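Notes for the structure review
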Amino acid sequence: MVCTNIVYVLFLSFAAYMCDLRSQRIPNVLIMMGYVTGFMYVIYEKGPPGIPEAIISLLWPILLLYVLFRMRAMGAGDIKLLSVISTFLDFHNMLTVIYLSLLTGAVVGLIRMVTGGYTGAYLKNFHLYLQTVITGKKIIAYQSIGKGNGVLHFAGCIFAAVAMLFLWEVLCSYGSIWDFGL
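In what follows, the accompanying structure is described. A quick note: this is a predicted structure, and the numbers were derived from the prediction, not measured. (Residues numbered from 1 in each chain as written. Predicted model: local features only at pLDDT ≥ 70, side-chain atom pairs only at ≥ 80, totals over all residues. Heavy atoms only, no water.)

1. Details of the overall build of the protein chain
What counts, and what does not: Every helix listed is a DSSP run of H or I at least four residues long, and every strand listed is a run of E at least two residues long, numbered separately from the N terminus. Per-residue and other accessible areas were derived by the Shrake-Rupley procedure at a 1.4 Å probe size, with only the shown protein chains allowed to occlude residues.
In terms of helices and strands, the protein chain carries seven helices and zero strands. Taken from the N to the C terminus, the helices and strands of the protein chain come in the order α-α-α-α-α-α-α. Carbon together with sulfur atoms contributes 71% to the accessible area of the protein chain, which is approximately 11,100 Å² in total.

2. Some details on a nonpolar patch on the surface
Quick note on the threshold: For patches, a residue must show more than 30% relative accessible area and have no salt bridge; joins then use 9 Å for like charges and 5 Å for nonpolar side chains, namely Val, Leu, Ile, Met, Phe, Trp and Tyr. When a carboxyl oxygen of Asp or Glu is within 4 Å of a side-chain nitrogen of Lys or Arg, the pair counts as a salt bridge. Burial status follows relative accessibility: with a 1.4 Å probe on protein chains alone, a residue under 20% of its type maximum counts as buried, one over 50% as exposed, and anything between as partly exposed.
On the surface, Tyr-99, Leu-103, Val-107 and Ile-111 cluster together into a nonpolar patch covering about 390 Å² of accessible area. Residue classification places Leu-103 among the partly exposed positions, given a relative accessible area of 38%.

3. Examining the packing of helix H4 (residues 76-88) against helix H7 (residues 154-173)
In plain terms, the rule: Helix axes are fitted to C-alpha atoms over the stretch in contact, other axes to C-alpha atoms as well, and angles between N-to-C directions run from 0 to 180 degrees. Should an angle fall under 35 degrees it is taken as roughly parallel, and over 145 as roughly antiparallel, whereas 65 to 115 is taken as roughly perpendicular and any remaining angle as oblique. Each crossing is labelled by how the near helix is turned from the far one, with a counterclockwise turn of less than a right angle marking it left-handed and a clockwise turn marking it right-handed. The contact rule is simple, with two residues in contact once any of their heavy atoms fall within 4.5 Å. Throughout, the ten residues Ala, Val, Leu, Ile, Met, Phe, Trp, Tyr, Cys and Pro are labelled nonpolar, Asp, Glu, Lys and Arg are labelled charged, and all others, Gly among them, are labelled polar.
It is at 9 Å that the axes of H4 and H7 come closest, and there the two elements cross at 25°. As the angle between them shows, H4 and H7 are arranged roughly parallel. You can see that H4 and H7 cross each other, and the crossing is right-handed. Facing Asp-78, Leu-81, Leu-82 and Ile-85 of H4, the residues of H7 in contact are Phe-154, Ala-155, Ile-158 and Val-162. Of the residues in the contact of H4 with H7, the class split is seven nonpolar, no polar and one charged.

4. Let's talk about the nonpolar core
Nonpolar side chains in soluble globular proteins tend to end up buried together. We count it as follows: Nonpolar cores are built from buried Ala, Val, Leu, Ile, Met, Phe, Trp, Tyr and Cys residues. Side-chain atoms within 4.5 Å join them into one set.
Of all hydrophobic cores here, the largest spans 31 residues; its most connected members are Leu-81, Leu-82, Ile-85, Met-94 and Val-97. Put simply, the parts of the chain that give this core at least two residues each are helix H1 (4-23), helix H2 (28-46), helix H3 (51-70), H4, helix H5 (91-116) and H7. Beyond its immediate chain neighbours, meaning those up to four positions away, Ile-85 contacts Val-9, Ser-13, Met-94, Ile-158 and Val-162.

5. Looking at the environment of Leu-30
Summarising the element assignment, Leu-30 is placed in helix H2. For Leu-30 and Val-84, which are 54 residues apart along the polypeptide, the C-alpha to C-alpha distance reads 9.7 Å.

6. Notes on helix H6 (residues 119-136)
In plain terms, the rule: A helix is expected to reach a length of 1.5 Å times the quantity of its residues less one. When we speak of the arc, we mean the arc of directions from the helix axis to the C-beta atoms.
Given a rise of 1.5 Å per residue, 18 residues ought to cover 26 Å, and the 26 Å separating the end C-alpha atoms of H6 matches this to within 8%. Along H6, the residues that are buried comprise Tyr-122, Asn-125, Tyr-129 and Val-133. Summarising the axial view, the buried residues of H6 lie within an arc of 70°, below the 170-degree limit, and thus occupy one face. In this structure, H6 carries Gly-120, Leu-123, Lys-124, Ile-134 and Thr-135 as exposed residues pointing more than 90 degrees from its buried face. Packed against the buried residues of H6 are H5.

Put into structure tokens, the structure is as follows:
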């Protein structure tokens, strides 16, 4: 059967995506509610000895994605959301969510770049950014070109990744698609 933690994470990531669409922010209240319920979940599942593991679970996505934050390729709210999700999922599933969300963001960005006719300009801008970072030997914020062209609501990519994980869990728990009677 599908784990309750994945269902909770699905609803949490959807709520974060809706907030991100509305105000381009993920409220800290939602993040704090996620951390509190995440710790309650860990204590319920593993008891108080699971608390250090939960702390490590919430810290490693922040440390892993910090460089993307420094480049302004990912917002703080997105990283905090992934940190919250990490308290509910095991390491493998969390890596899957991070990978799928980054892949989804790359595909969506590529589609927007190609269909908007910005491919050459974006590639030139990225080349200049890489040149500046390499010669300056310092990570700086990436400056997107065009007004509004670079905005990607990454919480939507996170929600899509969690939905893919949820779908995978559902399909695995039923054995095959044939068990659905399709």
